[in-house]
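Listed below, chain by chain, are the residues.
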Amino acid sequence: MQDLQRTPKRDAVELSGRLLDTADYVASKFQEAYVAGFAAKIPGRQLAAIAVIRNEATANARALVLGPDPEGDLVDLYVWSRVALRSCENRSACIDEFKDFDCARTHGAVAEHVRELAVAYLSPDRLARIDMAVEAFFGTHPNLLMAGLFRLDDLADQTGTRVEVFKAGGDDMFSSLNDTARQLQQTRLLGQQVLWLVSRTSTLVGWEAQTAIAITMDSERVTSVDRSLSQIGPGLDSHAKALDALARSVASQQRGLEEVSKSLLELGERINGLAMRVPEPVSVREVVRESILLAGVVLLALVGVAAACAWFVLRHRR
């Protein structure tokens, strides 16, 4: 607090640098909340919600501090920090995904940090008028859930208060400079802001990609696909076991077929050997014919013997 009070209150470049540091402070506090939620292994839906809040708060703070008038940017940042804190408290009270979100360590810490900076650079009377306008806005919007990119002009429009009452009594912070010095200060201010923004753009882009992935992975369609895949896994495992059993059965059948094949080969060899021992077709016919003739001669002889025996028996009886 003492360091802020020693800061020259009309140095625009110095105030702009402090505003940029405040934007970094906003990003760090909300990143802490995201890391704490990740370490606590909270549900994916709540973690995605924290990521969305982190990205929105960081983007809003950066947009507010990158204006051409640092003192006006400080007023806008102060108004936004107060409105964002009240919105966070309302979300935690009525939305399940945000019920465990620590508003005091994020939006609350940011609002306190911005107030210290505002006390150092704004007059007490001006700060009191802004506080009254903020409270009047809360009176007409008690259930506000999102602050968005809320500026001083938005506050004046919502409360019906003239913007002039929020402005400083004198001219802006460049009023005491001549044209050359004014251009030089504006150039320094712009260069400082550009370098700061370029160095932090990659981080914000990475956060946006991370948030998009988290939201996608937690969507109902992806979750249902994941459940389907988890059910397919055991089915594939059982099919794999059945195929393994079939492979073993086929292997045993293959061994049986090999044995049958060997038996058929042996039978073929035996048939070939028998065929080699059988005579030619002409010799077989001759053997058959000779056998028939021999059988006829033997039969004729038997008939002659039987006739002789019959004649002998008849003659003996006579």
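Residues numbered from 1 in each chain as written. Predicted model: local features only at pLDDT ≥ 70, side-chain atom pairs only at ≥ 80, totals over all residues. Heavy atoms only, no water.

J.: Describe the nonpolar core, with residues and values.
T.: Side chains of nonpolar character tend, in soluble globular proteins, to be buried together. Counting 46 residues, the largest nonpolar core has Leu77, Trp80, Val83 and Phe101 as the members making the most contacts within it. For this core, the secondary-structure elements that each account for two or more residues are helix H2 (12-39), helix H3 (44-65), helix H4 (70-94), helix H5 (104-121) and helix H6 (124-140). For Val83, the contacting residues outside a window of four places in its chain are Phe137, Phe138, Leu144, Ala147 and Phe150. (Core = buried A, V, L, I, M, F, W, Y, C linked by side-chain atoms within 4.5 Å. Buried < 20%, exposed > 50% of the residue type's maximum accessible area, 1.4 Å probe, protein only. Helix = DSSP H or I, 4+ residues; strand = E, 2+ residues; numbered from the N terminus. Contact = heavy atoms within 4.5 Å.)

J.: Please provide a residue-by-residue account of the confidence of the model for the chain, values included.
T.: Residues with a pLDDT of 70 or more make up 64% of the chain, whose mean pLDDT is 76. Least confident of the elements in the chain is helix H1 (residues 2-6), whose mean pLDDT is 41; most confident is H5, at 94. Contacts for the low-pLDDT stretch residues 1-9, under 50 throughout, to residues beyond four places or in other chains number 15 contacts. (pLDDT = per-residue confidence, 0-100.)

J.: Please set out the packing of aromatic side chains residue by residue, giving values where relevant.
T.: As enumerated under the stated definition, the model contains 2 aromatic pairs in all. Seen from their ring centres, Phe30 and Phe101 are 6.5 Å apart, and the 20° between their planes marks the pair as stacked. Of this pair, Phe30 sits in helix H2 while Phe101 sits in the loop between H4 and H5, placing them 71 residues apart in sequence. By the burial criterion, Phe30 is buried, and Phe101 matches it. Here the aromatic rings of Phe137 and Phe138 are separated by 6.1 Å at their centres, their planes lie at 55°, and the arrangement is tilted. For the pair Phe137 and Phe138, a shared accessibility class is recorded, and that class is buried. For the cation-ring pair, Arg54 lies above Tyr34, with the distance from its terminal atom to the ring centre recorded as 4.5 Å. (Phe/Tyr/Trp six-rings, centres within 6.5 Å; stacked < 30°, edge-to-face > 60°. Lys NZ or Arg CZ within 6 Å of the ring centre and 35° of its normal.)

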